[in-house]
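Below, each chain spelled out in residue letters.
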Number of protein chains: 2
Amino acid sequence: MKTNAPRPIESDLTGSDFDLSVDNVVFGFDGDQLQVLLIGLTGEDMRPEQFHMAIPGDLVKANEGLDEAAHRILSSLTSLKGVFLKQFYAFGAPDRVIEEKDREWLMRSRRYPKRRAVTVGYYSLVSIADYLPVASSFASKAEWCPLADIPPLTFDHNEIVAAGLERLRQDVAHHNIIFELLPEKFTLGQLQRLHEIILGKSLDKRNFRKNVKRMSEVVPLDEKQAGVLHKPAQLYTYKKSV
Amino acid sequence: MKTNAPRPIESDLTGSDFDLSVDNVVFGFDGDQLQVLLIGLTGEDMRPEQFHMAIPGDLVKANEGLDEAAHRILSSLTSLKGVFLKQFYAFGAPDRVIEEKDREWLMRSRRYPKRRAVTVGYYSLVSIADYLPVASSFASKAEWCPLADIPPLTFDHNEIVAAGLERLRQDVAHHNIIFELLPEKFTLGQLQRLHEIILGKSLDKRNFRKNVKRMSEVVPLDEKQAGVLHKPAQLYTYKKSV
């Protein structure tokens, strides 16, 4: 061990230049498409060109953990509670909240609207049939939007959505999280379609079913689809193994 | 679109309560073991019980991106430059830097030593033979430590190391990043051992070699190990596919 260890240097950063937020990419599956939950950022006296869509996010409170903040904020803006949430990446480009188009909203909603903001991205997985988003707090609306139709969002939220999808693609290979996107009862067709959307490629039906048959957690029910025009398919459910 | 959109509410957070830092889990492979690069946090007038080991990390500067900060800080504390670095998780427990044991060092090195600090974790992969860590800035030393021998570290750094390893384990299944840990020329025995350490399980030698043979990026060299007591093994190199 060195005895003439250097005296620690004073940091050259005040640390007071950051806001910390979390942003939630909420993926929902409706049995056919993957959708993302968007909120409207509007003020009553905002002009239409100042209207923006965003993913649900806000500043972290002083004594709050990051996961805790993600749950609170999602619930306060969209009413979604108790959903699967997973942190995936921190976004900290120095210029991520300085665009003119985002200025108006920041001016009216942030105490320090010019401050650099670092945001921690979470993704969430829900079955659309099981959750009804209801806008509240500063969200003027909360709506599902198909992944392919997402408009230009506020700040760097388009980039956050893309990164969340990329991470989801990686994570489904390791974890059974994909079942979070399905209702309690689902068909193998829906399960395959969901895999295909997330992985971005089509899968061979026979091989897919062979692989699913090997999963003891996917249990056939004594029940078939109801209210469909085509031949009703067998329903399955997912039972977590212990 | 609703016309009576609510006026955005004022946030209840000042945003001035956070420090933002990055911390680097640098994994190194010496051909036999996986090691982690640790630095010593010592001041010339610190008592031995105040001496702490840590992973290299520091505060992010006001105009600096997160990746940029990770590279700068690693280089300034350990002299490692141009290495593979990947962000993996943000650690933001409200109490992560408040332990008494860490107080002394914070008091002497931070402008706001009592401020909550959120840190963005990166992991880095290097071949130990190719990099010589040299302590500088506030690091009193910079040394490799075998994964199994890591002492209690400052703050939540043990947790960050464990999370980094877990993420590395997941990432090696998708990317050829494992070759970042090997020297330019390596044996298949080293490659297998490295996989086994990261995955935490032993692999069948014949299957492993069969799988490696299928990788066009792993190229046999017209060269064998030198200076070993056992029968010298064939050397290979990794060529990124284009």
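Only a predicted model underlies this, so the values are computations on that prediction, with no experimental measurement involved.

About the thresholds
- Per chain, residues are indexed from 1 in the order of the written sequence.
- Each chain gets a letter, beginning with A, and each ligand a number, beginning with 1, in the order they are written.
- Where totals are concerned, whole chains, interfaces and linings use all residues; where local detail is concerned, this predicted model gives features only for residues with pLDDT of at least 70, and gives and counts side-chain atom pairs only at 80 or more.
- Excluded from the side-chain calculation are hydrogens and water; included are all heavy atoms of the structure.
- Numbering of helices and strands starts at the N terminus; helices are DSSP runs of H or I of at least 4 residues and strands are runs of E of at least 2.
- Under this definition, polar contacts are N or O atom pairs within 3.5 Å; protein pairs additionally need one hydrogen-donor-capable and one acceptor-capable atom, and for neighbouring residues in sequence, both atoms have to be side-chain atoms.
- Whether a residue is buried, partly exposed or exposed follows from its accessible area with a 1.4 Å probe, protein chains only, as a fraction of its type maximum: under 20%, in between, or over 50%, in that order.
- What makes two residues a contact is simply this: any of their non-hydrogen atoms within 4.5 Å.
- Under the pairing criterion, centres of Phe, Tyr and Trp rings, with the six-membered ring standing for Trp, must be within 6.5 Å; the plane angle then separates stacked pairs below 30 degrees from edge-to-face pairs above 60, leaving the rest tilted.
- Take the buried Ala, Val, Leu, Ile, Met, Phe, Trp, Tyr and Cys residues and link them wherever side-chain atoms come within 4.5 Å; each set so joined is a nonpolar core.
- Each axis is a line fitted through C-alpha atoms, and for a helix only the stretch in contact is used; angles between axes span 0 to 180 degrees, taken between their N-to-C directions.
- When describing relative orientation, an angle under 35 degrees is termed roughly parallel and one over 145 degrees roughly antiparallel, while 65 to 115 degrees is termed roughly perpendicular and anything else oblique.
- Three residue categories are used. Nonpolar comprises Ala, Val, Leu, Ile, Met, Phe, Trp, Tyr, Cys and Pro, charged comprises Asp, Glu, Lys and Arg, and polar comprises the others, including Gly.

(A) The side chain of Thr237 of chain A, seen in detail. Mapped onto the fold, Thr237 of chain A is located in strand E9 (residues 234–238). There is a polar contact of 2.8 Å between the side chain of Thr237 of chain A and the backbone oxygen of Glu184 of chain A.

(B) Fine view of the side chain of Ser127 of chain A. Residues and elements named next belong to chain A. The topology assignment puts Ser127 in strand E6 (residues 116–127). With a relative accessible area of 1%, Ser127 lands in the buried category. Setting aside its immediate chain neighbours within four residues, Ser127 contacts Phe29, Glu180, Leu181, Leu182 and Pro183.

(C) The packing of aromatic side chains, seen in detail. All names here are of chain A. For the structure on display, the rule yields 14 aromatic pairs over all chains. Here the aromatic rings of Phe88 and Phe91 are separated by 6.0 Å at their centres, their planes lie at 70 degrees, and the arrangement is edge-to-face. You can call Phe88 buried: its relative accessible area is 3%. Ring geometry for Phe179 versus Phe186: centroids 5.9 Å apart, planes at 40 degrees, classification tilted.

(D) The arrangement of the nonpolar core in detail. Among the nonpolar cores identified, the biggest contains 66 residues, and Leu20, Val22 and Ile39 of chain A together with Leu20, Val22 and Ile39 of chain B are the most heavily contacted of them. In this view, Val22 of chain A contacts Pro56, Gly57, Asp58, Val60, Leu66, Ala69, Ala70, Ile73, Thr119, Val120 and Tyr122 of chain A; residues no more than four positions away in its chain are not counted. Listed in part, the 36 residues of the second largest apolar core include Leu34, Ile150, Phe186 and Leu191 of chain B.

(E) Focus on the packing of helix H3 (residues 157–171) of chain A against helix H3 (residues 157–171) of chain B. H3 of chain B packs onto H3 of chain A with a crossing angle of 75 degrees between their chain directions and a minimal axis gap of 11 Å. Judged by the inter-axis angle, H3 of chain A sits roughly perpendicular to H3 of chain B. Listed contacts from H3 of chain B to Arg167, Gln170 and Asp171 of chain A of H3 of chain A are Arg167, Gln170 and Asp171 of chain B. Counted by class, the contact of H3 of chain A with H3 of chain B contains no nonpolar, two polar and four charged residues.

(F) Just the packing of helix H4 (residues 188–199) of chain A against helix H5 (residues 205–213) of chain A, in detail. All names here are of chain A. At a minimum axis distance of 11 Å, the contact between H4 and H5 shows a crossing angle of 105 degrees. The orientation of H4 with respect to H5, classified from their angle, is roughly perpendicular. From H4, Leu188, Gly189, Leu191, Gln192 and His195 reach across to H5, where they touch Lys205, Phe208, Arg209 and Val212. Residue composition of the contact of H4 with H5, grouped by class: four nonpolar, three polar and two charged.

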